[in-house]
Amino acid sequence: CFPPLTSMEVMGTRVEGSVLVISLRLNINLTSQTIDEAVGKRRKVVSGMCEDILLEAKKSINGHSWDALCRELNDASGQVKVEVQAHVEQQLSEIKARSPDDFNMDKVLLGEMQKALSVGSSVRLQRAMVLDQAAGSLQDVALAKATRSLATEWRRDERWEQDVPLKFEMNW
């Protein structure tokens, strides 16, 4: 039995009576990827991207804008931030849990990368979707209601942003 990535190189041949004798040399390539490594390469890229997005999201959640949001919601304990972070971790771990074979389909790779980027930017930009997710997990009923109310208000603003395209013209 030979280890993976072992090849046989023919060094010479000769005939001894009615038997063909083939001289072989075994070669082991220790630098080539295994099949599993090659298949998992795209998943590794997406997994690394998810880790980076999670770090950025945590930094954002612990920043001034989320602190201000918690003050606006009278959330002294920062429960909204805890729930947002839990949502982000859950979304990104679902992406990373996919089979390595899935990521070798271009459509899946692109879709999961877009999903991960969307999760990260939703936290950074404090989008209504993130507040809705947090509100659904909050134990404090009053805080959940205030968070949903703010999410509704933000959703109207987000729709307005989509409906009113901004044009910048530069006249030189």
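Counting of residues starts from 1 at the beginning of each chain's written sequence and follows it residue by residue. With pLDDT at 70 or above as the cut-off, local features in this predicted model cover only qualifying residues; side-chain atom pairs require 80 or more to be listed or tallied, and sums for whole chains, interfaces and linings still use all residues. To get the side-chain values, all heavy atoms of the structure are used, and hydrogens and water are removed first.

### Brief notes about the overall build of the protein
For the purposes of this entry, the term helix denotes a DSSP run of H or I that reaches at least four residues, the term strand denotes a run of E that reaches at least two, and both are numbered from the N terminus. Of regular secondary structure, the protein possesses 7 helices and 2 strands. We call two residues contacting when some pair of their heavy atoms lies within 4.5 Å. Nonlocal contacts in the protein, meaning residues at least 24 apart in sequence, comprise 57% of its contacts between residues at least 6 apart. Residue-level accessible areas treat just the shown protein chains as cover; the underlying method is Shrake-Rupley with a 1.4 Å probe. About 12100 Å² of surface is accessible on the protein, with carbon and sulfur atoms providing 55% of the total.

### A short note on a nonpolar patch on the surface
Every patch collects residues that have over 30% relative accessible area and no salt bridge, joining them within 9 Å if they carry like charges and within 5 Å if they are nonpolar side chains (Val, Leu, Ile, Met, Phe, Trp, Tyr). In the sections that follow, a salt bridge refers to a side-chain nitrogen of Lys or Arg positioned within 4 Å of a carboxyl oxygen of Asp or Glu. Together, Met8, Val10, Val15, Leu20, Ile22, Leu24 and Leu26 make up an exposed nonpolar region whose accessible area comes to about 700 Å². Those elements giving two or more residues to the nonpolar patch turn out to be strand E1 (6–16) and strand E2 (19–28). The biggest single contributor to the nonpolar patch is E2, with 4 residues. Relative to the helices and strands, Val15 is located in strand E1. Among the residues examined, Val15 registers a relative accessible area of 60% and is labelled exposed. The cut-offs for exposure are 20% and 50% of the maximum accessible area for each residue type, with area from a 1.4 Å probe on protein chains only; residues under the lower value are buried, those over the upper are exposed, and the others partly exposed.

### What to know about the side chain of Gln126
Checked against the element boundaries, Gln126 lands in the loop between helix H5 (106–124) and helix H6 (128–137). Those residues within four positions of Gln126 in sequence are excluded, and the remaining contacts are Ser65, Trp66, Leu69, Ser121, Trp154 and Glu158.

### Thoughts on the confidence of the model for the protein
Interpretation of the predicted coordinates at a detailed level should be avoided for regions scoring low in pLDDT. A residue's pLDDT is the confidence the predictor assigns to it, expressed on a 0 to 100 scale. Residues of the protein with pLDDT of at least 70 account for 90%, and the chain-wide mean is 88. Ranking the helices and strands of the protein by mean pLDDT puts helix H4 (residues 79–96) first, with 96, and helix H1 (residues 35–39) last, with 77.

### Some words on the nonpolar core
Ranked by size, the top nonpolar core spans 31 residues in total, and within it Trp66, Val80, Val84, Val88, Leu92, Val123 and Leu131 carry the most contacts. Looking at this core, the elements that each hand over two or more residues are helix H2 (41–61), helix H3 (64–72), H4, H5, H6 and helix H7 (141–163). Tallying contributions element by element places H2 first for this core, with 7 residues. Among all residues touching Trp66, those that are not within four sequence positions of it are Ser60, Ile61, Val80, Lys81, Val84, Val123, Gln126, Val130 and Leu131. In this description, a nonpolar core means a group of buried Ala, Val, Leu, Ile, Met, Phe, Trp, Tyr and Cys residues linked to one another through side-chain atoms lying within 4.5 Å.

### Here we look at the environment of Ser149
As for its placement among the helices and strands, Ser149 is situated in helix H7. For the pair Ser149 and Ala135, spaced 14 residues apart in the sequence, the C-alpha separation amounts to 9.6 Å.

### Regarding the packing of H3 against H4
Between two packed helices, both the angle of their axes relative to each other and the distance between the axes serve to describe the pair. Where H3 meets H4, the axes come as close as 9 Å, and the angle between the chain directions of the two elements is 125°. Considered as vectors, H3 and H4 are oriented oblique to each other. Residues Trp66, Asp67 and Cys70 of H3 form the contact with H4, whose participating residues are Val80, Lys81 and Val84. Under this scheme, a helix contributes an axis fitted over its contacting stretch, all axes are lines through C-alpha atoms, and angles between N-to-C directions fall in the 0 to 180 degree range. In these notes the angle categories are as follows: under 35 degrees is roughly parallel, over 145 is roughly antiparallel, 65 to 115 is roughly perpendicular, and the rest is oblique.

### Description of the packing of H2 against H4
H4 packs onto H2 with a crossing angle of 175° between their chain directions and a minimal axis gap of 10 Å. The angle between H2 and H4 falls in the class roughly antiparallel. Residues Arg43, Val46, Ser47, Cys50, Glu51, Ile53, Leu54, Ala57, Lys58 and Ile61 of H2 pack against Lys81, Val84, Gln85, Val88, Glu89, Leu92, Ile95 and Lys96 of H4. Each residue gets one label: Ala, Val, Leu, Ile, Met, Phe, Trp, Tyr, Cys and Pro are nonpolar, Asp, Glu, Lys and Arg are charged, and the others, such as Gly, are polar. Here the residues of the contact of H2 with H4 are counted per class, giving 10 nonpolar, 2 polar and 6 charged.

### Focus: the pattern of salt bridges
Following the criterion strictly, the structure yields 10 salt bridges and no others. Residue Asp106 is joined to Arg42 by a salt bridge in which the shortest nitrogen-to-oxygen separation is 2.8 Å. In this pair, Asp106 sits in helix H5 while Arg42 sits in helix H2, placing the two residues 64 residues apart along the sequence. Accessibility expressed as a relative area gives 51% for Asp106, which makes it exposed.

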